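# Descriptive structure summary
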Amino acid sequence: MTKKDQKITFFMAGGHPGDLQRSLDALQDHALISEICILGTPESKGLKLPRGARILEGAGMRATSGIKQMAEAAETPYAAVYTSALPLQLGAHALERMLQVAEATGAGMVYADHYQMKAGKLSPLPVIDYQEGSLRDDFNFGSLVLYRTDTFKKAAAAMEDTFRFAGLYDLRLRVSQGSRLVRLPEFLYTEMETDQRTSGEKMFDYVDPRNRDVQIEMEQACTRHLKAIGGWLKPEFEPVRLDLEKGFPVEASVIIPVRNRVKTTEDAVRSVFKQKTDFPFNIIVVDNHSTDGTSALLQKLSAEDRRLIHHIPGRKDLGIGGCWNEGGLHPQCGRFAIQLDSDDLYIDEHVIANIVNAFYEQQCAMVVGSYRMVNFNLEEIPPGLIDHREWTPDNGRNNALRINGLGAPRAFYTPVLRKILFPNVSYGEDYAVGLAISRHYQIGRIYEPLYLCRRWEDNTDASLDIQKQNAHNTYKDRIRTIELQARIRKNQG
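Residues numbered from 1 in each chain as written. Predicted model: local features only at pLDDT ≥ 70, side-chain atom pairs only at ≥ 80, totals over all residues. Heavy atoms only, no water.

### A word on the sheet that holds strand β7 (residues 114-118)
Read from one edge of the open sheet, four strands run β5-β11-β7-β8, paired in mixed fashion. Of all the strands in the sheet, just β5 (89-90) and β8 (121-125) have a single pairing partner and so form its edges. Bridge analysis of β7 against β8 gives five bridges, and the strand direction is antiparallel. If you follow M117 over to β8, its bridge partner there is L122. (Pairing = 2+ DSSP bridges. Helix = DSSP H or I, 4+ residues; strand = E, 2+ residues; numbered from the N terminus.)

As structure tokens, then:
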């Protein structure tokens, strides 16, 4: 290839000189690369820069200023951005393939499946297709993406904020407003993995109080994006008449879907038995055809306390969402339907009363509480209290499209729940119904912990393989896409 074939300016994150040097050595003679730019850190200054490489000193590529630096420096038709500071190993003709696809599709950004080197083991790491509702700021594109430079420059020029952390997120959202983000399902490079935690340990990073400054910036970027595409909702809500519906057998029902949880179900149920209220309540345990002794245990407990309704569905094709519908539509369900997972237990004897009081005080169709993370022995584990402080009355339902869940425990005004219903799935069902409710109604919040969330090896999300993680994330992105389209239509009248 001649110099006119050098179509890519390659941008790298600063890091340890030894790691950077390995990436530089692998890239410096690549025929497609016109220039390599390192967004510098102090430790990167000890590098031996090859010809055609330079350091762009500044805040780094996650900051708005770094995005603008890259936009100014890119003088080729395409810009490759490598976000990891660890050594990059390109596959055979990887950049050629990404460039070929970018030119064939006209995409604003191309990303690809790749391999992951973790603990000395090489594993395939497929990613997922980008959807309109892929608004999570932790959407995994992999560490190498290719942008069309004119699209990159246009998005960077439109950036108004001075983010320290949300620059790349802001860039991606702005690019998506006018261009396609195309996934190439081919394994084109290898990235190093340094986070050895399981999926169940990583999933709470976004609510870790230590990450609060990052979350504020991400919310601001997402809010701007939603306003730009017509998906942002004003803090105007349909009124909820909690006293309009009559004829409920009790004021509140705790609904527990369960299948094969003989180790934990009794703890959960007894934490409900201990509740103190000045109104009647019951427990509806939807036993999804357990085979491990859970059914016999529930029969014993229902004989001990008649407030427990042991319900076995007539169907055998129900997920957790379908079981929730069985509970919410049950004739013995109360005015309010309150969630408790069979793994968990209420933190004290006032939880039901506090939730019901929140409905009346906040005049809302749904209440979301807070919880404390514990191990199987009920000992607190990081990150401790999960209170979803990112939910605010004026912007919570918009920010809900960015985050991966609304929090727990969840409780619903039963007439609204019966109108919307849960999707019959076993992951994301609560998120789907919460988003749909928030499109119309205010969601109330309780920021004090209401239950203990017990993390152990039998949690359904404790340690998922990449295929299951991708399936879960694809489904939640689909839920967001549906909800985003509904909100755009709502705003259009």
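### A short note on the packing of helix α5 (residues 167-176) against helix α7 (residues 212-229)
At a minimum axis separation of 9 Å, α5 and α7 run at an interaxial angle of 10°. Between α5 and α7, the interaxial angle falls into the category roughly parallel. Note on element contacts: α7 touches α5 through M218, A221, C222, R224 and H225, opposite Y169, D170, L173, R174 and S176. Each residue belonging to the contact of α5 with α7 can be placed in one class, and the counts come to five nonpolar, two polar and three charged. (Axes fitted to C-alpha atoms, helices over the stretch in contact; angles between N-to-C directions. Parallel < 35°, antiparallel > 145°, perpendicular 65-115°, else oblique. Contact = heavy atoms within 4.5 Å. Nonpolar A, V, L, I, M, F, W, Y, C, P; charged D, E, K, R; others polar.)

### Looking at helix α8 (residues 265-273)
Residues of α8 that are buried include every one of T265, A268, V269, S271, V272 and F273, and no others. Elements in contact with the buried residues of α8: β12 (252-258), β13 (281-287), α9 (294-304), β14 (308-311), β16 (345-346) and α11 (351-362). (Buried < 20%, exposed > 50% of the residue type's maximum accessible area, 1.4 Å probe, protein only.)

### As for the packing of aromatic side chains
In the structure shown here, the tally under the stated rule is 14 aromatic pairs. On the numbers, 6.3 Å between centres and 85° between planes, the contact of Y111 with F139 is edge-to-face. A residue pair is termed long-range when its members are at least 10 positions apart, and Y111 in strand β6 (residues 109-112) and F139 in the loop between β8 and β9 (144-148) qualify at 28 residues. Seen from their ring centres, Y130 and F141 are 5.8 Å apart, and the 25° between their planes marks the pair as stacked. Taken together, the residues Y130 in the loop between β8 and β9 and F141 in the loop between β8 and β9 connect sequence positions 11 residues apart. Relative accessible area serves as the criterion here: at 16%, Y130 is assigned to the buried category. (Phe/Tyr/Trp six-rings, centres within 6.5 Å; stacked < 30°, edge-to-face > 60°.)

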